Amino acid sequence: MLRLDINFLFTIINLLILFALMYIFLLKPVRKIIELRQEEVDKGFKEADEAKMTAHKLEGEYKQSVEKIQEEKRIVLQEASKKADEDYHRIINDANEKAKQIKEDARLEGENQKRQILLKADKEIADMVVSATAKVIAGYSSKEDSGELYNKFLDKAGEKQ
C-alpha cells in the first residue's frame with residue numbers, strides 16, 4: 001500500500017514548485033512569444049487585406065480610365081469621320097461649282113464665237129451685196145438684167161449659208 005510519509009509530501013511540494021517555476025520561466029515567455037507572433041500574423045493579414053482593397057480600388061480606377069479613354073477614342077473617331085465627311089462634301093460641292101462655272105464660261109465663249117461668226121457672215125453678205133450692186137450699176141442697165149443679177153445673188157448667198 002501506499003504510505004504517506006514526509007518524502008511523499010516533499011516530492012509533491014517539489015513538483016508544485018517545479019511546476020510554478022516552469023510556468024513562470026517557461027510557459028509565460030512562450031505564451032508571450034506566441035501572442036506576439038499571433039499579433040504579427042494578424043497585422044500581416046490586416047496589411048494584406050488593406051493591400052488587397054487598395055489593389056481592387058486601383059483596378060477599378062484603371063478600368064474607369066480605360067473606359068474613359070475608349071469613350072474619348074470613340075468620340076475622336078466620330079468627330080474625325082464627321083469632319084472627313086464634311087470635307088468630302090465640301091470638295092465635291094466646290095468641284096461641282098467649278099464645273100458649272102467652266103460650262104457656263106464655255107457656253108458664253110461659244111455664244112461669243114457664234115455672234116462673231118454671224119457678224120462676219122453679215123459683213124461678207126453686205127460686201128457681196130455692195131459688190132453685186134456695183135456690178136449691176138456698172139454692167140447692166142435694163143430691169144431684166146437687174147432681176148437676173150438679183151436671182152444669182154440670192155443663189156450665191158444661199159450656197160454660203
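Preceding this section is the structure that the text describes.
Predicted model, so just to flag it, every value in this text is computed and none were measured.

(A) The overall build of the protein chain, seen in detail. For the protein chain, the helix and strand inventory stands at two helices and zero strands. When the 161 residues of the protein chain are sorted by exposure, 4% land in the buried category. When the accessible area of the protein chain is evaluated, it comes to approximately 15,100 Å², of which 61% is carbon and sulfur surface.

(B) Spatial organisation of the pattern of salt bridges. Within the structure shown, the criterion is met by seven salt bridges. Residue Asp94 pairs with Arg90 through a salt bridge whose shortest N-O separation is 3.7 Å. Placement of both Asp94 and Arg90 in helix H1 (residues 6–139) is noted, with a separation of four residues, approximately one turn of the helix. The network of salt bridges with common partners includes Lys83, Asp87, Arg90 and Asp94.

(C) Spatial organisation of a negative patch on the surface. Taken together, Glu35, Glu39, Glu40 and Asp42 make up a surface patch of like negative charges. Looking at where Glu40 falls in the secondary structure, it is placed in helix H1.

Rules and cut-offs
- Residues numbered from 1 in each chain as written.
- Predicted model: local features only at pLDDT ≥ 70, side-chain atom pairs only at ≥ 80, totals over all residues.
- Heavy atoms only, no water.
- Helix = DSSP H or I, 4+ residues; strand = E, 2+ residues; numbered from the N terminus.
- Buried < 20%, exposed > 50% of the residue type's maximum accessible area, 1.4 Å probe, protein only.
- Areas by Shrake-Rupley, 256 points an atom, 1.4 Å probe, with all protein chains shown as cover.
- Salt bridge = Lys/Arg side-chain N within 4 Å of Asp/Glu carboxyl O.
- Patch = residues over 30% accessible without salt bridge, like charges linked within 9 Å, V, L, I, M, F, W, Y side chains within 5 Å.
- Lys, Arg positive; Asp, Glu negative; His and termini not counted.
- Charge placed at Lys NZ, Arg CZ, Asp CG, Glu CD.

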